[in-house]
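Here is how the chains run, residue by residue.
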Amino acid sequence: MDPCLNSLYTNDPDAFMMTIPEAKKLLDGAMYYGPLEGPDTTLYEKQDKWYRVTLPCLACLGITEYDDITPVVEIMEVKPEDLL
């Protein structure tokens, strides 16, 4: 990934990058809780695990469409109490 795009993500050591299909598979059946810290970051819950998911917009990434092979989704498991 272009180093200039690092500011779009948390770069937290506990976060991991994945492709859109991988993220869809991980979050299949998860409950969506809406935006968190802006429109590109959302909160999901699945089986008592909470996930902070960042998917920057196309313009922010400097691309015209998403593909299935580029890891553009950052996912980090979070604790609900850390969100308060």
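Scroll up for the structure.
Residues numbered from 1 in each chain as written. Predicted model: local features only at pLDDT ≥ 70, side-chain atom pairs only at ≥ 80, totals over all residues. Heavy atoms only, no water.

Draft legend 1. Region of the structure containing helix α1 (residues 20–27). Of all the residues in α1, the buried ones are Ile20, Ala23 and Leu27. Each buried residue of α1 lies within a common arc of 60 degrees when the element is viewed along its axis, so the set occupies one face. Looking at the packing, one finds that the buried side of α1 touches β1 (16–18), β3 (41–46), β4 (49–54) and β5 (73–78). One or two residues past the end of α1 sits Gly29, with phi positive at roughly 85 degrees. (Buried < 20%, exposed > 50% of the residue type's maximum accessible area, 1.4 Å probe, protein only. Helix = DSSP H or I, 4+ residues; strand = E, 2+ residues; numbered from the N terminus. Arc of directions from axis to C-beta. Contact = heavy atoms within 4.5 Å.)

Draft legend 2. Quick look at the layout of surface pockets. Space inside the largest pocket adds up to approximately 170 Å³. When residues of the lining of the largest pocket are traced back to their parent elements, those giving at least two are α1, β3 and β4. For the lining of the largest pocket, the element with the most residues is α1, which contributes four residues. In terms of residue class, the lining of the largest pocket is built from seven nonpolar, two polar and two charged. (1 Å grid on protein atoms, 1.4 Å probe; cavity = no way out; pocket = protein on both sides within 12 Å on 5 of 7 lines; lining within 4 Å. Points joined across faces, edges and corners; volume = space filled by probe spheres on them. Nonpolar A, V, L, I, M, F, W, Y, C, P; charged D, E, K, R; others polar.)

Draft legend 3. Representation of the packing of aromatic side chains. Taken as a whole and judged by the stated rule, the model has two aromatic pairs. With centroids separated by 4.9 Å and ring planes inclined at 40 degrees, the aromatic side chains of Tyr33 and Trp50 adopt a geometry described as tilted. Separated by 17 residues along the polypeptide, Tyr33 in strand β2 (residues 31–35) and Trp50 in strand β4 bring together distant segments of the chain. (Phe/Tyr/Trp six-rings, centres within 6.5 Å; stacked < 30°, edge-to-face > 60°.)

Draft legend 4. Looking closely at the nonpolar core. In terms of nonpolar packing, the biggest core is built from 13 residues, with Leu27, Val53, Val72, Val73 and Ile75 touching the most fellow members. Elements that contribute at least two residues to this core include exactly α1, β4 and β5. For this core, the leading source of residues is α1, giving three residues. Each residue touching Val72, except ones within four places of it in the same chain, is listed here: Tyr9, Met17, Met18, Ile20, Thr54, Leu55, Pro56, Leu61 and Tyr66. Of all hydrophobic cores here, the second largest spans six residues; its members include Ala15, Leu36, Met76 and Val78. (Core = buried A, V, L, I, M, F, W, Y, C linked by side-chain atoms within 4.5 Å.)

Draft legend 5. Focus on the sheet that holds β1. The antiparallel open sheet is built from five strands, whose spatial order is β1-β5-β4-β3-β2. Of all the strands in the sheet, the pair left with one neighbour each is β1 and β2. On average, each strand axis in the sheet is tilted by 30 degrees relative to the strand beside it, whichever way the strands run. Two elements, β2 and β3, share three bridges in a ladder whose sense is antiparallel. Counterpart to Tyr32 in the pairing with β3 is Tyr44. (Pairing = 2+ DSSP bridges. Axes fitted to C-alpha atoms, helices over the stretch in contact; angles between N-to-C directions.)

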